[in-house]
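# Secondary and tertiary structure notes
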Amino acid sequence: MGRSGLRVSDVALGTMLFGATNGWGVSAETAKELYDTFRAEGGNYLDTANQYAGGESERIIGGLVAEHREEVVIASKYTNSAPRNGDANAGGNQRKNMVQSVEGSLRRLNTDYLDLYVVHSWDLLTPVDEVMRGLDDLVRAGKVLHVGVSNTPAWVVAQANTMAELRGWSCYVGLQIEYSLLGRSAEAEFFPMAQEFGLSVLAWSPLKNGLLSGKCAAGGGVGSRLSAEVWSSPTMAWSGQHGAGVETVLDALGALAVELDVTPAQLALAWLRHRPIHVVPILGATSVAQLAENLRSAELELTSGQVARLDEASAVPLAYPHPYLASSMARSFRSGGMFERISR
């Protein structure tokens, strides 16, 4: 993972639904079946958070890995929490919540350390140096082996890693962001930054809430979490994050999936492995059949032409200054008219 020696499987098992009681969660028994399936296929990377199912996700994982803790990579997160009796420090990136949260996670997971500890989101308040020094202290104490960050602007991540490198602190090795064929806006700033700092991209919602599973069409999906009402809600009424329309992407995905005799979900997940940087999709599932089907994506190799077809259908126009920097005029000016003859 990233600029580290930590070895992780091609996909991660997302455990947000383990023990959840929101109508879409899975029981501890089903969680065990999912975990056993994942492990049988060679998976070793589990993604959870202190907030998931009020901590029940971590408790379930702690029981599942008790006999072979050293064989798995456990990533948990802090920042978010449920309101707690008017406690202003119940959430956030500050040291107080960081320390309280890691102790709680270790206790629920019944482990002495976390392989990866992830800042769940930027709180717009805590100084970057407080966060990075706090995380480094956890690494030095042996409670955390590596650190990562999620849902944080690229410039903040860049500032944090630059500061950490200069001061000899632990740097982020993983960048957890939303990324999929229907959500490629991260390519503008996050991808160049991740390449420069050697970060692995840990993609949450790689199937865009099921839209890329093949079960949905414009208007909602039958037997999925989506419905016509959800589809038309403000949070879902978008066009590929200002790129191609949803129908265009789904049509291209479906057509190529038929040609390759695979499911749309398998193809959408395989596409993530053909990005210019290391992308690890975080897979959530509510049944063994669903998980087993999606894990088959790791066996699917695409040609450059097939990748290009999906790239073109799902392309997202980049915001300023990227169009300017890519223009022939700007290229000519900054290269003295020698752009085509200067190697990169």
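Residues numbered from 1 in each chain as written. Predicted model: local features only at pLDDT ≥ 70, side-chain atom pairs only at ≥ 80, totals over all residues. Heavy atoms only, no water.

Under an unreviewed UniProt entry, the protein chain has the name Aldo/keto reductase and belongs to Streptomyces shenzhenensis.

## Considerations on the sheet that holds strand E3 (residues 73-78)
Two orientations exist for strands paired in a sheet by backbone hydrogen bonds: parallel and antiparallel. Taken in spatial order, the eight strands of this closed barrel run E1-E2-E3-E4-E5-E6-E7-E10, and their pairing is parallel. Each strand axis lies, on average, 30 degrees off the axis of its neighbour in the sheet, ignoring direction. (Pairing = 2+ DSSP bridges. Helix = DSSP H or I, 4+ residues; strand = E, 2+ residues; numbered from the N terminus. Axes fitted to C-alpha atoms, helices over the stretch in contact; angles between N-to-C directions.)

## Things to note about helix H3 (residues 95-109)
When the terminal C-alpha atoms of H3 are compared, their 21 Å separation across 15 residues agrees well with the 21 Å that a helix rising 1.5 Å per residue should span. Along H3, the positions that sit buried rather than exposed are Asn97, Met98, Ser101, Val102, Gly104, Ser105, Leu106 and Leu109. On its buried side, H3 packs onto helix H2 (56-64), E3, strand E4 (114-119), helix H4 (128-140) and strand E5 (144-150). Positioned one or two residues after H3, Asn110 has a phi angle of 55 degrees, which is positive. (Expected span 1.5 Å × (residues − 1). Buried < 20%, exposed > 50% of the residue type's maximum accessible area, 1.4 Å probe, protein only. Contact = heavy atoms within 4.5 Å.)

## A short note on the packing of aromatic side chains
The full count for this structure, using the stated rule, is four aromatic pairs. Ring centres 5.6 Å apart and planes at 90 degrees place the aromatic pair Trp122 and Trp155 in the edge-to-face group. Note that Trp122 is positioned in the loop between E4 and H4 and Trp155 in helix H5 (residues 154-167), a separation of 33 residues in sequence. Given a relative accessible area of 25%, Trp122 falls into the partly exposed group. Ring geometry for Tyr179 versus Phe191: centroids 4.8 Å apart, planes at 50 degrees, classification tilted. One end of the pair, Tyr179, is in the loop between strand E6 (172-178) and helix H6 (190-197); the other, Phe191, is in helix H6, with twelve residues separating them in the sequence. A connected cluster of aromatic rings, assembled from ring pairs, spans Tyr179, Phe191 and Trp271. (Phe/Tyr/Trp six-rings, centres within 6.5 Å; stacked < 30°, edge-to-face > 60°.)

## Regarding the pattern of salt bridges
All chains considered together, the criterion is met by 19 salt bridges. With its nearest N and O atoms 2.9 Å apart, the salt bridge here joins Asp47 to Lys77. With Asp47 in strand E2 (residues 45-47) and Lys77 in strand E3, this pair connects stretches of sequence that are 30 residues apart. Of the two residues examined, Asp47 and Lys77, each falls in the buried class. A salt bridge links Asp311 to Arg275; its shortest N-O distance comes to 2.8 Å. (Salt bridge = Lys/Arg side-chain N within 4 Å of Asp/Glu carboxyl O.)

## A few points about the nonpolar core
As a rule of thumb, soluble globular proteins bury nonpolar side chains together. Residues Leu135 and Tyr172 are the most contacted members of the largest nonpolar core, which totals 80 residues. Residues within four places of Tyr172 in sequence aside, it is in contact with Val119, Val131, Met132, Leu135, Val147, Gly148, Val149, Val157, Ala160, Asn161 and Leu199. Judged by nonpolar contacts, the second largest core, of 13 residues, contains Met1, Val8, Tyr45 and Leu116. (Core = buried A, V, L, I, M, F, W, Y, C linked by side-chain atoms within 4.5 Å.)

## What about the confidence of the model for the protein chain?
Detailed reading of the predicted coordinates is not advisable wherever pLDDT is low. Of the residues in the protein chain, 91% have a pLDDT of 70 or more, and the chain-wide mean is 91. Below pLDDT 50 for its whole length, residues 218-242 participates in 47 contacts with residues either more than four positions away or in separate chains. (pLDDT = per-residue confidence, 0-100.)

## Here's the deal with H2
Residue pairs spaced three or four apart in an α-helix point in one direction, given the helix's 3.6 residues per turn. Within the span of H2, buried status applies to Ser57, Glu58, Ile60, Ile61, Gly62 and Leu64. At its buried positions, H2 is contacted by helix H1 (28-40), E2, E3 and H3.

## Comments concerning the pairing of E4
Here E4 lies mainly inside the structure; six of its six residues are buried. Judged from the four bridges that link them, E3 and E4 form a sheet pairing that is parallel. Paired with Tyr78 across the bridge in E4 is Val119. Taking the sense of rotation as the criterion, the β-α-β connection linking E3, H3 and E4 turns out right-handed. In this sheet, E5 lies alongside E4 in parallel orientation, the contact comprising five bridges. Of the residues in E5, the one forming a bridge with Leu114 is Val144. (Right-handed = clockwise from strand over helix to strand, strands pointing away.)

## Thoughts on the side chain of Ser121
With respect to the secondary-structure elements, Ser121 resides in the loop between E4 and H4. Relative accessible area serves as the criterion here: at 17%, Ser121 is assigned to the buried category. Those residues in contact with Ser121, other than ones at most four positions away along the chain, are Thr79, Asn80, Asn93, Ser150, Asn151 and Thr152.

## Examining unusual backbone geometry
With an omega of 10 degrees, the peptide bond running from Tyr320 to Pro321 counts as cis. Looking at the secondary structure, you find Pro321 in the loop between helix H11 (304-314) and helix H12 (322-326). Unlike most non-glycine residues, Thr79 shows phi in positive territory, near 130 degrees. When you line up the elements, Thr79 lands in the loop between E3 and H3. The phi angle at Lys208 is positive, at roughly 50 degrees, despite the residue not being glycine. Here Lys208 is to be found in the loop between strand E7 (200-204) and strand E8 (216-217).

## Considering a nonpolar patch on the surface
On the surface, Tyr320, Tyr324, Leu325, Met329 and Phe333 cluster together into a nonpolar patch covering about 620 Å² of accessible area. Within the secondary structure layout, Tyr324 lies in helix H12. (Patch = residues over 30% accessible without salt bridge, like charges linked within 9 Å, V, L, I, M, F, W, Y side chains within 5 Å. Areas by Shrake-Rupley, 256 points an atom, 1.4 Å probe, with all protein chains shown as cover.)

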